[in-house]
Amino acid sequence: GAGVSQTPSNKVTEKGKYVELRCDPISGHTALYWYRQSLGQGPEFLIYFQGTGAADDSGLPNDRFFAVRPEGSVSTLKIQRTERGDSAVYLCASSYAGLGGGNEQFFGPGTRLTVL
Amino acid sequence: KNQVEQSPQSLIILEGKNCTLQCNYTVSPFSNLRWYKQDTGRGPVSLTIMTFSENTKSNGRYTATLDADTKQSSLHITASQLSDSASYICVVSAQDSNYQLIWGAGTKLIIKP
């Protein structure tokens, strides 16, 4: 595709529910990143995929958060038993290989998650 | 601790004026520094990427400078336009990571007509 796409653009859910957020990276980009961004802050790293494997998931806040990328392209961020504190914009980005050497990272528009 | 600090937190200027945004970092060992523009409700878009050996880089009306000795960077916007209203985020990467970026909190810039 022309850019990174994310669906849905907005998601409102109730506390305790399960949500899935989808990211379609740029075709051919092997690296994929998930971030969470709160109002007035820079993006906070969650997880990094190189191909199908999660190379670093140290940014996931707890075991309610999980992400997969089974075929090395589309990724899904899954949040179980959502809490009000999970409300944020979830950003996905992709790059050709990793970011070494100054490779550029391209971001999607984000999914705004609101937990009531 | 690796950190990126930006100033000012917010800035309001009149259309047509110039402005400069500041970024100080303590990331080591340094690899490169990026400036992103983030419009409200959108993902960040890269403006410039500078490595250790580069001390200035331009992208249209945007000019970024880097002083690796003092660990400071600035983003200068010339002849501002209403469409420049956005958050500008300074991001630094370290040599020992191929994917981790250290993000600043951003400067929220508002251009008034």
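Use the structure listed above.
This text gives an overview of the structure that appears in the document. (Residues numbered from 1 in each chain as written. Chains lettered and ligands numbered in written order. Predicted model: local features only at pLDDT ≥ 70, side-chain atom pairs only at ≥ 80, totals over all residues. Heavy atoms only, no water.)

**Side note on the overall build of chain A**
When its secondary structure is counted, chain A shows 0 helices and 11 strands. Element order for chain A, N to C, with α for helix and β for strand: β-β-β-β-β-β-β-β-β-β-β. Over its C-alpha atoms chain A spans a radius of gyration of 13 Å, differing by no more than 12% from the 13 Å that the globule rule assigns to 116 residues. By residue count, 47% of the 116 residues in chain A fall in the buried class. Taking contacts inside chain A between residues at least 6 apart in sequence as the whole, the part at least 24 apart equals 55%. Working note: accessible area of chain A is about 5,400 Å², and carbon and sulfur atoms make up 48% of it. (Helix = DSSP H or I, 4+ residues; strand = E, 2+ residues; numbered from the N terminus. Rg over C-alpha atoms; globule rule 2.2 N^0.38 Å. Buried < 20%, exposed > 50% of the residue type's maximum accessible area, 1.4 Å probe, protein only. Contact = heavy atoms within 4.5 Å. Areas by Shrake-Rupley, 256 points an atom, 1.4 Å probe, with all protein chains shown as cover.)

**Regarding the interface of chain B and chain A**
Each partner contributes residues to the interface: chain B has 18 residues there, and chain A has 22 residues. Carbon and sulfur atoms supply 51% of the area that chain B and chain A bury against each other, a total of about 1,600 Å² over both sides. Summed over the shared surface of chain B and chain A, the result is 0 salt bridges. Summed over the shared surface of chain B and chain A, the number is 1 residue pair in polar contact (both at pLDDT 80 or more). Breaking the side of chain B that touches chain A down by element, the ones donating at least two residues are strand S4 (30-38), strand S5 (45-51) and strand S10 (101-103) of chain B. Here the element with the most residues in the side of chain B that touches chain A is S4 of chain B; it accounts for 4 residues. Considered class by class, the residues forming the side of chain B that touches chain A number 8 nonpolar, 8 polar and 2 charged. (Buried area = accessible area lost by both parts, 1.4 Å probe. Salt bridge = Lys/Arg side-chain N within 4 Å of Asp/Glu carboxyl O. Polar contact = N/O pair within 3.5 Å; in protein donor to acceptor, adjacent residues only side chain to side chain. Nonpolar A, V, L, I, M, F, W, Y, C, P; charged D, E, K, R; others polar.)

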